[in-house]
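Summary of the model geometry
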Amino acid sequence: MLLRESPFPNRALVALDGLASGLLAPSFWAVNRLLDLQQTTAERRRQRQSRCGSCRGCTGQVLAGLAYSTLLLLSLPLAALGLLLWLPVQAARRPFAYQYTAGTAPAEPWDLRQRRSFTFISANVCLLPSGLAKFSNLGQTPQRATYIARHLAPAPPDPPSARASLVEPRRGETNSYGGTLNTPWQPPGSAPVEAAEPVPAVLSERFPADTDFICLQEVFEAGAAACLRRWLGGTFPHVISEVGARGLRGGQLKLLNSGLFLASRYPLLAVRYHGFPNGAREDALAAKGLLAVQVRWGPPPSFPPAAWQQAGCCLLPLDFPAEGPASPQVLLGSAQGQRIVGYVGCTHLQAPAGDAAIRDAQLTLGLRWLQQFREAQEQRGDVVAFDVLCGDLNFDNCSRGDELNQRHRLFEVYQDPCRRGPGQDAPWAIGTLLNYLKIYEEPVSTPEKLKRTLSQPAGQQQYLAGPILSSGQPDPAAPGPWQGRRVDYVLYRQHHGALPLQTEVAGVSFITQLATRSDHLPVALRLDVTPVSP
């Protein structure tokens with residue numbers, strides 16, 4: 001029996017969902033095209049530079065707007081019928097879709113006497129329908145999705161350069177807080193940077209080719225999700241997408257899913273999604289929440305990767321006991337008779353700046369859900385390799401308006417490699433939120449230019465979003481030079497299990513690969529996991 005990729009339990013519901021979506025499609029298309037008439041700053045600049053472009057462009061937009069509005073009005077009866085059909089179908093939908101791609105090379109056996117590295121990427125890719133993406137000065141979602149997917153799916157690197165895109169400690173440096181470094185890190189072959197130099201040396205033009213897990217936010221558009229699955233399947237055989245419970249939930253209408261997307265090189269033992277019950281304003285229309293997965297190394301012989309079933313919102317092997325002692329496992333180096341597992345969480349919190357109290361409650365819920373998930377899935381004798389939380393938390397560690405969230409208990413449980421304490425980041429850290437109105441300007445128009453520009457304090461001040469007040473307005477009293485708003489996180493925690501393992505940060509990177517394709521910088525974290533000497 002194969003785990004179904006569709007989130008629906010039978011073909012009849014798949015057909016009904018397809019019918020409902022077809023009835024809604026004309027209205028959705030018309031609304032999207034109307035919103036897409038907004039122009040990005042790049043489109044406005046091109047129109048100004050073309051002869052007669054301004055008048056011709058305005059006339060074309062007016063005519064297009066009339067056509068789309070007419071189509072919208074004519075399609076409303078179909079949309080009403082589609083909505084009445086769509087809502088009850090969503091109640092029977094599993095809150096995620098799963099894709100398994102056969103034929104990928106299995107993970108190498110792990111001898112637990114040796115160190116092993118794992119690389120995680122978190123990125124907000126803003127893959128909304130093109131009309132909605134225009135509110136972030138983006139658009140052309142299908143083209144951006146193809147570009148992002150193509151660059152996230154790495155080509156096999158030459159062995160010496162396999163990890164060159166992730167910044168590593170320099171020789172002779174020692175670890176401090178949470179295994180991070182007090183001095184800047186630099187890519188191999190780059191010019192040395194003095195420890196007192198405020199310019200961070202953690203920028204990379206490309207995604208690391210050795211990535212093990214990809215956690216994305218704002219993959220809302222169905223076509224974009226399909227594009228990502230298609231491109232990533234050859235490298236990441238296990239993909240979770242279309243995450244979230246849509247329809248009527250807790251008295252709220254959820255029109256969009258959560259936008260969360262997770263790709264893994266390793267088999268998934270369990271998957272669970274929880275939706276936040278306190279979304280407000282525009283965020284209430286999306287099923288934002290927490291996605292948690294448990295992964296393992298190499299499936300046991302009696303549990304092939306495809307032979308899974310759904311248990312509630314979780315995936316379990318068909319013959320795998322829900323409770324009780326661990327079953328015999330395959331030999332994974334020296335770990336015979338023990339499961340080697342890891343935990344990855346992915347989330348996206350409430351966005352408006354003034355909603356710190358809502359984010360605070362969501363952080364508390366997320367911590368509780370992660371703990372409950374671990375307790376439900378752990379078995380005696382498990383060897384826990386890592387426990388990581390990724391996501392766009394929509395608050396930073398430099399703004400006075402985010403002080404409530406900066407002091408949350410989350411940072412007592414999980415360690416942030418870029419953070420020294422509430423309101424203070426490491427001197428080499430950099431903001432991940434770009435000034436969205438300037439993302440098409442020449443100094444940041446390519447990955448190479450964006451890296452070069454953000455390597456200078458003046459470039460950071462001009463092209464990164466700066467500290468804010470609780471109202472969302474810029475903070476005129478923010479001390480400078482500031483490092484920018486770092487709202488995208490990859491956090492980790494130590495885990496003391498049957499076999500004690502030490503988790504240390506081997507590298508952190510802020511990636512400029514998505515220049516002009518997103519208003520966020522992706523973040524990569526590499527962890528070294530080593531056995532603790534007796």
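Structure shown above.
Every value quoted in this text rests on a predicted model; they were computed, and no experiment measured them.

What follows deals with the overall build of the protein chain. Each helix and strand counted, the protein chain has 11 helices and 19 strands in total. Within the protein chain, the fraction of its 534 residues that count as buried is 54%. Within the protein chain, contacts between residues separated by at least 24 positions form 78% of all contacts whose residues are at least 6 apart in sequence. Of the roughly 22600 Å² of accessible surface on the protein chain, a fraction of 57% belongs to carbon and sulfur atoms.

This brings us to empty space enclosed by the protein. What the rule picks out here adds up to five cavities of 30 Å³ or more. One number sums up the size of the largest cavity: a volume of about 90 Å³. Around the largest cavity, the lining residues are F276, L290, T347, L349, Q362, L363, G366, L367, L370, L389, L393 and L410. In terms of residue count, helix α7 (residues 356-377) provides more of the lining of the largest cavity than any other element does, five residues in total. Class assignment of the residues belonging to the lining of the largest cavity gives a composition of nine nonpolar, three polar and no charged.

Within the fold, R94 resides in the loop between α3 (53-91) and β1 (97-100). Since its relative accessible area comes to 2%, R94 is described here as buried. In this structure the side chain of R94 is engaged in a polar contact, spanning 3.3 Å, whose partner is the backbone oxygen of S6.

Here we take up the pairing of strand β4 (residues 213-219). Summarising burial for β4: seven of the seven residues are buried, a large majority. Note that strand β2 (residues 116-127) and β4 share six bridges and pair parallel. By the bridge assignment, N124 is partnered in β4 with Q217. Inspection of the sheet shows β4 paired to strand β8 (residues 261-264) by four bridges, in the antiparallel sense. In the sheet register, F213 faces β8, and the bridge partner there is S264.

The mixed open sheet is built from eight strands, whose spatial order is β1-β5-β8-β4-β2-β19-β18-β3. Every other strand in the sheet has two partners, leaving β1 and β3 (203-204) as the edge strands with one partner each. Relative to β2, helix α5 (residues 141-152) is tilted by about 175°, and along the sheet it contacts β2 and β4.

Let us look at the packing of aromatic side chains. In the structure shown here, the tally under the stated rule is 12 aromatic pairs. For the ring pair F213 and F386, a centre distance of 5.4 Å and an interplane angle of 65° mean the geometry is edge-to-face. With F213 in strand β4 and F386 in strand β14 (residues 383-392), this pair connects stretches of sequence that are 173 residues apart. The pair formed by F213 and F386 is uniform in burial state, with each residue classed as buried. Centroid distance F276 to W369: 5.7 Å. Interplanar angle 20°. Geometry classified as stacked.

Take the nonpolar core next. Among the nonpolar cores identified, the biggest contains 65 residues, and F118, F120, I240, F386, L454 and F510 are the most heavily contacted of them. Looking at this core element by element, the count peaks at five residues for β14. Apart from the residues within four sequence positions on either side, F118 is in contact with W110, D212, Y266, W297, A385, F386, L525, R526, L527 and V529. Of all hydrophobic cores here, the second largest spans 26 residues; its members include A145, I148, V219 and F236.

Further remarks concern a positive patch on the surface. Positive charge collects at one region of the surface, where R44, R45, R46 and R48 lie side by side. Checked against the element boundaries, R44 lands in helix α2 (residues 41-49).

Turning to the sheet that holds strand β17 (residues 488-492), a few remarks are in order. In spatial order, the strands read β9-β10-β13-β14-β17; together these five strands make up an open sheet with mixed pairing. Each edge of the sheet is formed by a strand with only one pairing partner; in this case those strands are β9 (268-275) and β17. Ignoring which end each strand starts from, the neighbouring axes of this sheet average 15° apart. Here five bridges tie β14 to β17, and the two strands are oriented antiparallel to one another. Residue pairing in the sheet places G391 in a bridge with Y489 of β17.

Conventions we followed
Residues numbered from 1 in each chain as written. Predicted model: local features only at pLDDT ≥ 70, side-chain atom pairs only at ≥ 80, totals over all residues. Heavy atoms only, no water. Helix = DSSP H or I, 4+ residues; strand = E, 2+ residues; numbered from the N terminus. Buried < 20%, exposed > 50% of the residue type's maximum accessible area, 1.4 Å probe, protein only. Contact = heavy atoms within 4.5 Å. Areas by Shrake-Rupley, 256 points an atom, 1.4 Å probe, with all protein chains shown as cover. 1 Å grid on protein atoms, 1.4 Å probe; cavity = no way out; pocket = protein on both sides within 12 Å on 5 of 7 lines; lining within 4 Å. Points joined across faces, edges and corners; volume = space filled by probe spheres on them. Nonpolar A, V, L, I, M, F, W, Y, C, P; charged D, E, K, R; others polar. Polar contact = N/O pair within 3.5 Å; in protein donor to acceptor, adjacent residues only side chain to side chain. Pairing = 2+ DSSP bridges. Axes fitted to C-alpha atoms, helices over the stretch in contact; angles between N-to-C directions. Phe/Tyr/Trp six-rings, centres within 6.5 Å; stacked < 30°, edge-to-face > 60°. Core = buried A, V, L, I, M, F, W, Y, C linked by side-chain atoms within 4.5 Å. Patch = residues over 30% accessible without salt bridge, like charges linked within 9 Å, V, L, I, M, F, W, Y side chains within 5 Å. Salt bridge = Lys/Arg side-chain N within 4 Å of Asp/Glu carboxyl O. Lys, Arg positive; Asp, Glu negative; His and termini not counted. Charge placed at Lys NZ, Arg CZ, Asp CG, Glu CD.

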